[in-house]
Amino acid sequence: MKTVKQGDSGEEIAILNNALTQAGYSVKEGMTFTPALRETVVAFQQQRGLEPDGIVGYHTWEALLLGGESEATELADEDFSRGALLLDCETAALRAVQEVESGSRHGFVAPGKPTILFEGHIFWAQLKKRGIDPVQYAAQNGDILYPQWEKSHYRGGLKEYDRLEKARAIDREAADASASWGMFQVMGFNFAACGEKSVASFVAAMQQSARSQLKLFVRFIHQGGMLLALQRKNWPAFARLYNGPRYAENRYDVKLAKAYAKYAR
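Residues numbered from 1 in each chain as written. Predicted model: local features only at pLDDT ≥ 70, side-chain atom pairs only at ≥ 80, totals over all residues. Heavy atoms only, no water.

Asks: So what exactly am I meant to see when it comes to helix α11 (residues 210–223) here?
Replies: Think of an α-helix as turning once every 3.6 residues; residues three or four places apart then point the same way. Helix length check: α11 (14 residues) gives 20 Å between terminal C-alpha atoms against 20 Å at 1.5 Å per residue, within 8%. α11 sits mainly inside the fold: 10 of its 14 residues count as buried. Among the residues of α11, A210, S212, Q213, L214, L216, F217, V218, R219, F220 and I221 are the ones counted as buried. Once α11 finishes, G225 follows within two positions and takes phi at roughly 80 degrees, a positive value. (Helix = DSSP H or I, 4+ residues; strand = E, 2+ residues; numbered from the N terminus. Expected span 1.5 Å × (residues − 1). Buried < 20%, exposed > 50% of the residue type's maximum accessible area, 1.4 Å probe, protein only.)

See the structure below:
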């Protein structure tokens, strides 16, 4: 969503009015950002701990569209629609990423346990980043610690937590940074691009709900330089940025295009 302020007009103002109404505020219908609407926006921003400047930018839009308490472990159609509004992309494009990454709206394998995939080669790099020599641990931890990517050690589902806990025993922060989390499979080391202050707060947010996972993903797309590729449905470019330079080995771009075509019907 584009930033709007007093004096602006257009469809965004109608969306703003509707979102404020759903948040419990009384506003008049219209397509113009009036002084009265600005006062309501300021009240909403103050209530949510945002800068009360009366300007509706990304953080205010996020609070309006994806805010509110939710413990649901599954996304509703409305959640996808609101996430797409926030990113100004097609809902089908958003759902395509979710399907390719996890294939499920849930994003959880058990209560409080988001879907994860632990990456031993990332753990190797994360340990080195923290001044820990991975070689000294490699011999006894060959299933969680190796210098090059390989998929033979993946166990899937809840069994990935066995690998994670084994890695946490070496270094918890490095371990959590080395797993991809939730229904959109965002790597833990991307915590800052998701608007979190630490890997720990990122993991805690992933554990909250499906909507919290969506919120982190939307922030990641918005701040991580992938938004334009997603908006344009440039799947090779998006896959390269989201999945890494070796995306073609797993045909991520092809899978994304196929999933998008399914939801765009």
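Asks: It is not clear to me how the packing of helix α4 (residues 77–87) against α11 should be interpreted in this structure. Could you clarify?
Replies: For any two helices packed against each other, one specifies the inter-axial angle together with the distance between the axes. With their axes 10 Å apart at the nearest point, α4 and α11 run at an angle of 20 degrees to one another. When the axes of α4 and α11 are compared, the pair comes out roughly parallel. Crossing of α4 against α11: the hand is right-handed. On α11, the residues touching D79, G83, L86 and L87 of α4 are R211, L214, V218, I221 and H222. Taken together, the residues of the contact of α4 with α11 break down into 5 nonpolar, 2 polar and 2 charged. (Axes fitted to C-alpha atoms, helices over the stretch in contact; angles between N-to-C directions. Parallel < 35°, antiparallel > 145°, perpendicular 65-115°, else oblique. Left-handed = near helix turned anticlockwise from the far one by under 90°. Contact = heavy atoms within 4.5 Å. Nonpolar A, V, L, I, M, F, W, Y, C, P; charged D, E, K, R; others polar.)

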